[in-house]
Amino acid sequence: MPKGQIVKALSGFYYIESEGIVYQTRGRGVFRKKKITPLVGDYVEFDTTSLTDGTVTKILPRKNDLVRPPVANVDCAVIVMSAIEPDFSTYLVDRFLIYLELKDIRPIIYISKMDLVDEQQMADIKACATAYEALGYRVYLSHEFEQEAFLADLSDELVVFMGQSGVGKSTLINHFIPELSLETAEISSHLGRGRHTTRHVALHKVKDVLIADTPGFSTLDLIDIDKENLPYLFPEFANRAHLCKFRECSHQHEPKCAVKDALENGEIAQFRYDHYTSFLEEIEQTKPKYNKK
Ligand SMILES: Nc1nc2c(ncn2[C@@H]2O[C@H](COP(=O)(O)OP(=O)(O)O)[C@@H](O)[C@H]2O)c(=O)[nH]1
Ligand SMILES: [Mg+2]
Ligand SMILES: [Zn+2]
């Protein structure tokens with residue numbers, strides 16, 4: 001049975017790439033009955049009699065899946081954050097980062113609109129970029145952006161873009177896939193947003209990188225995250241947790257906490273600790289039942 005990857009889903013058809021050829025197929029009837037939806041990015045087995053007539057017969061196990069955009073097996077996500085307009089926010093960056101850590105998706109940070117900032121803002125943003133790089137996250141700044149280096153970094157990966165409205169996601173995607181001509185600077189009215197969520201997602205091969213042509217989440221809730229899990233989504237907390245006195249240390253009020261020690265001696269950034277605390281409070285407030293033991 002041939003195997004391939006779904007690269008586009010449109011009006012009930014799944015377009016499967018297999019050894020350089022794209023086949024138009026439909027899902028098995030049983031998928032609909034069992035409420036299984038094949039997703040772009042899925043590796044599948046399929047039957048085919050011609051290029052336009054085939055059936056997806058089996059969905060192979062997924063590494064992960066996203067709802068917005070609806071894509072499976074995502075390797076990497078580019079968090080797009082503008083330096084200004086809308087204002088740069090490490091709080092939002094951290095919110096995206098923990099979500100991606102949860103989904104086992106490698107985050108990359110791209111900071112747009114660096115051409116619009118003054119010297120002080122430039123220095124502040126560069127300090128944040130350095131802090132994120134120290135955690136192991138790659139950071140790209142728009143004024144020194146080189147497409148070749150960026151693509152080399154993404155080599156062989158399936159990539160999605162996410163970030164608030166107006167930060168420059170469509171602008172960036174258009175750089176990579178000029179023939180797409182995504183509308184930029186659209187007003188994020190309900191009408192506009194509705195139109196974009198109904199767009200069908202497709203993967204575009206740029207060199208050896210697969211880029212999803214629809215930007216993902218502009219905001220996130222923390223619905224899937226448990227408070228016990230949260231510290232492990234901060235790599236600089238996770239790699240110190242074994243040094244805390246208590247095995248289930250929440251790094252808040254416990255004595256002999258390695259994370260708080262690292263915060264005090266400047267090895268952990270204050271803004272990261274503050275955001276951790278704020279996410280923890282949010283989870284405790286929104287999911288009281290889940291957290292009762
Ligand atoms: N000056 C400047 N403007 C940018 C940059 N990136 C995007 N923009 C502008 O920001 C606005 C919003 O961009 P868009 O791609 O539509 O953002 P999206 O909502 O995230 O898709 C548009 O007017 C873009 O031209 C940048 O690096 N510098
Ligand atoms: Mg856009
Ligand atoms: Zn601790």
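Residues numbered from 1 in each chain as written. Chains lettered and ligands numbered in written order. Predicted model: local features only at pLDDT ≥ 70, side-chain atom pairs only at ≥ 80, totals over all residues. Heavy atoms only, no water.

The protein is annotated in an unreviewed UniProt entry as Small ribosomal subunit biogenesis GTPase RsgA of Granulicatella balaenopterae. Quoted verbatim from the Sequence similarities (unreviewed entry) field of the UniProt record, the comment on the protein reads "Belongs to the TRAFAC class YlqF/YawG GTPase family. RsgA subfamily." Recorded under Subcellular location (unreviewed entry), the UniProt text for the protein is reproduced unchanged: "Cytoplasm". (UniProt positions renumbered as here; feature names shortened; annotations may be inferred.)

S.K.: I would appreciate a short explanation of the overall build of the protein in the present structure.
M.R.: Along the backbone of the protein there are 10 helices and 13 strands. The C-alpha radius of gyration computed for the protein amounts to 21 Å, which stays within 12% of the reference 19 Å derived for 293 residues, consistent with globular compactness. When the backbone C-alpha atoms are referred to their principal axes, the protein occupies close to 65 × 50 × 35 Å. Per-residue burial over the protein gives 49% buried out of 293 residues. Sequence-distant contacts in the protein: of pairs separated by 6 or more residues, those separated by 24 or more amount to 66%. Working note: accessible area of the protein is about 15400 Å², and carbon and sulfur atoms make up 51% of it. (Helix = DSSP H or I, 4+ residues; strand = E, 2+ residues; numbered from the N terminus. Rg over C-alpha atoms; globule rule 2.2 N^0.38 Å. Buried < 20%, exposed > 50% of the residue type's maximum accessible area, 1.4 Å probe, protein only. Contact = heavy atoms within 4.5 Å. Areas by Shrake-Rupley, 256 points an atom, 1.4 Å probe, with all protein chains shown as cover.)

S.K.: Can you walk me through the site of ligand 1 in this structure?
M.R.: Inspection of the region around ligand 1 gives 15 residues, with Asp115, Gly166, Lys169, Thr171 and Ala185 positioned closest. In the environment of ligand 1, an oxygen atom lies 3.0 Å from a nitrogen or oxygen atom belonging to the backbone of Lys113. Take Lys169: an N or O atom from its main chain is 2.8 Å from an oxygen atom of ligand 1. Protein coverage of the free-state accessible area of ligand 1, which is 580 Å², stands at 76%. Tallied by class, residues from the shell around ligand 1 come to three nonpolar, eight polar and four charged. (Near = heavy atom within 4 Å. Polar contact = N/O pair within 3.5 Å; in protein donor to acceptor, adjacent residues only side chain to side chain. Nonpolar A, V, L, I, M, F, W, Y, C, P; charged D, E, K, R; others polar.)

S.K.: Looking at this model, I keep getting lost on the UniProt feature "binding site: Zn(2+)" (unreviewed entry) in the protein. Mind explaining?
M.R.: Per the UniProt annotation, the sites labelled "binding site: Zn(2+)" (unreviewed entry) are Cys244, Cys249, His251 and Cys257. As for its position among the elements, Cys244 is in the loop between α7 (235-238) and α8 (258-264). Overall, Cys244 belongs to the buried group, its relative accessible area being 8%. Residues in contact with Cys244, not counting those within four places in the same chain, are Cys249, His251, Lys256, Cys257, Ala258 and Val259. Sequence-distant contacts of His251, that is, excluding residues within four places in its chain, are made with Pro231, Phe237, Ala241, Cys244, Cys257, Val259, Lys260, Tyr273 and Tyr276.

S.K.: How do you make sense of the packing of aromatic side chains when you look at a structure like this?
M.R.: The geometry of an aromatic ring pair is captured by two quantities: the separation of the ring centres and the angle between the planes. Summed over all chains, the structure comprises 18 aromatic pairs. Ring centres 6.3 Å apart and planes at 80° place the aromatic pair Tyr140 and Phe145 in the edge-to-face group. Arranged with centres 4.9 Å apart and planes meeting at 80°, the rings of Tyr140 and Phe150 form a pair that is edge-to-face. Here Tyr140 is found in strand β10 (residues 138-141), whereas its partner Phe150 is found in helix α4 (residues 147-153), with 10 residues between them in sequence. For the residue pair Tyr140 and Phe150, the accessibility class agrees, reading buried in each case. Connected via pairs of aromatic rings, a cluster forms that spans Tyr91, Phe234, Phe237, Tyr273, Tyr276 and Phe279. When the ring centre of Tyr15 is taken as origin, the NZ or CZ atom of Lys8, which lies over that ring, is 4.8 Å away. The ring of Phe31 has Arg28 lying over it, and the distance from NZ or CZ to the ring centre is 5.9 Å. (Phe/Tyr/Trp six-rings, centres within 6.5 Å; stacked < 30°, edge-to-face > 60°. Lys NZ or Arg CZ within 6 Å of the ring centre and 35° of its normal.)

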